[in-house]
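Summary of the model geometry
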Amino acid sequence: MDAKNRFETKVTFALSRLEWLGFLAVSLVLAFQHRAEIRWGVFALLFTVIDAIGYIPGAIAFRRRPDRRVPRGYYVAYNTMHSLVTAGVLAGAWALFVRPEWALLALPIHLMGDRALFGNSLKPFGVAFEPETNAAFRLFEQRYRPAARSGEAAASGAVRNSVEDTDAVRT
């Protein structure tokens, strides 16, 4: 949304997902057009390494712990492997030290698929490793919706004062 209000409404979240879907579509079209040139073993390796390192260990830890809290290292691994910067560095290094190739499309296809199809992006430490609505965010949404529906502007102070100090907005 902006630097002071770090949340998305259902509409802005859907619009963001549509943008990711566009990038996913372009990547899939390129992969389809160059399917004969793709080394599919490399494609599969690059596609799966993201979750093999960044998601599966944290998901297992989440399911095994009774309190469902996982150490921060799992979040760091997830965010590192699901970062567009990491994908860019990996693709650049692969192109430089191995060769440029269409199999590298596995990286944006995986990352854009996660964002567009599943709504998953980077994971903040303060939320569950697996998708669950955070209680502070639920409270924030309950307070935000009536103000947004009634057309109260943030400039009037009605929205800002009612939620400014909640954890969902400021951490």
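Scroll up to find the structure this text is about.
This section reports on the structure supplied with the text. What you see is a predicted model, and the numbers here were worked out from it, not measured in a lab. (Residues numbered from 1 in each chain as written. Predicted model: local features only at pLDDT ≥ 70, side-chain atom pairs only at ≥ 80, totals over all residues. Heavy atoms only, no water.)

In this section: the packing of helix α5 (residues 84-97) against helix α6 (residues 106-118). At a closest axis distance of 10 Å, the pairing of α5 and α6 adopts a crossing angle of 170 degrees. Of the possible angle classes, the one that applies to α5 and α6 is roughly antiparallel. Contacts from Leu-84, Ala-87, Leu-90 and Ala-91 in α5 reach Leu-107, Leu-111, Met-112 and Arg-115 in α6. Here the residues of the contact of α5 with α6 are counted per class, giving seven nonpolar, no polar and one charged. (Axes fitted to C-alpha atoms, helices over the stretch in contact; angles between N-to-C directions. Helix = DSSP H or I, 4+ residues; strand = E, 2+ residues; numbered from the N terminus. Parallel < 35°, antiparallel > 145°, perpendicular 65-115°, else oblique. Contact = heavy atoms within 4.5 Å. Nonpolar A, V, L, I, M, F, W, Y, C, P; charged D, E, K, R; others polar.)

Right, let's talk about the nonpolar core for a bit. Of all hydrophobic cores here, the largest spans 18 residues; its most connected members are Phe-43, Leu-46, Leu-107 and Ile-109. Mapped by element, the contributors of at least two residues to this core are α1 (10-33), α2 (40-54), α5 and α6. Counting residues per element, this core draws most heavily on α6, at five residues. Each residue touching Phe-43, except ones within four places of it in the same chain, is listed here: Ile-38, Ala-103, Leu-105, Ala-106 and Ile-109. Residues Ala-61, Phe-62, Tyr-75 and Tyr-78 belong to the second largest nonpolar core, which totals seven residues. (Core = buried A, V, L, I, M, F, W, Y, C linked by side-chain atoms within 4.5 Å. Buried < 20%, exposed > 50% of the residue type's maximum accessible area, 1.4 Å probe, protein only.)

Moving on to the side chain of Lys-123. Relative to the assigned elements, Lys-123 resides in the loop between α6 and α7 (135-150). Comment: no salt bridge for buried Lys-123; closest opposite-charge side chain is Glu-130, at 5.2 Å. Within the structure, Lys-123 has its side chain in polar contact with the backbone oxygen of Phe-129 (distance 2.6 Å). (Lys, Arg positive; Asp, Glu negative; His and termini not counted. Salt bridge = Lys/Arg side-chain N within 4 Å of Asp/Glu carboxyl O. Polar contact = N/O pair within 3.5 Å; in protein donor to acceptor, adjacent residues only side chain to side chain.)

Attention shifts here to helix α3 (residues 56-64). Owing to its 3.6 residues per turn, the α-helix aligns residues three or four sequence positions apart on the same side. Taken together, the buried positions of α3 are occupied by Gly-58, Ala-59, Ala-61 and Phe-62. The buried residues of α3 occupy an angular sector of 165 degrees when the element is viewed end-on, so they sit on one face. Counted as exposed and oriented over 90 degrees from the buried face of α3: Arg-63 and Arg-64. (Arc of directions from axis to C-beta.)

With a phi close to 60 degrees, Arg-68 is a non-glycine residue in the positive phi region. One can find Arg-68 in the loop between α3 and α4 (72-81). For Arg-68, a relative accessible area of 42% gives the class partly exposed.

For the rest of this paragraph, the subject is the packing of aromatic side chains. All told, the structure shown has eight aromatic pairs when counted by the stated rule. The interplanar angle of 70 degrees and the centroid separation of 6.5 Å between the aromatic rings of Tyr-55 and Tyr-78 together place this pair among those described as edge-to-face. Here the residue Tyr-55 occupies a position in the loop between α2 and α3, and Tyr-78 occupies one in helix α4, the gap between them amounting to 23 residues. Take Tyr-55: its relative accessible area is 26%, and that puts it in the partly exposed class. An angle of 35 degrees between the planes, with centres 5.9 Å apart, marks the rings of Phe-137 and Phe-140 as tilted. Of this pair, Phe-137 and Phe-140 both sit in helix α7, three residues apart, which is roughly one turn of that helix. Assessed through its relative accessible area of 26%, Phe-137 is described here as partly exposed. Among the aromatic residues, ring-to-ring pairing joins Tyr-55, Tyr-75, Tyr-78, Phe-125 and Phe-129 into one connected group. Arg-35 extends its terminal NZ or CZ atom over the ring of Phe-32, reaching a point 4.1 Å from the ring centre. (Phe/Tyr/Trp six-rings, centres within 6.5 Å; stacked < 30°, edge-to-face > 60°. Lys NZ or Arg CZ within 6 Å of the ring centre and 35° of its normal.)

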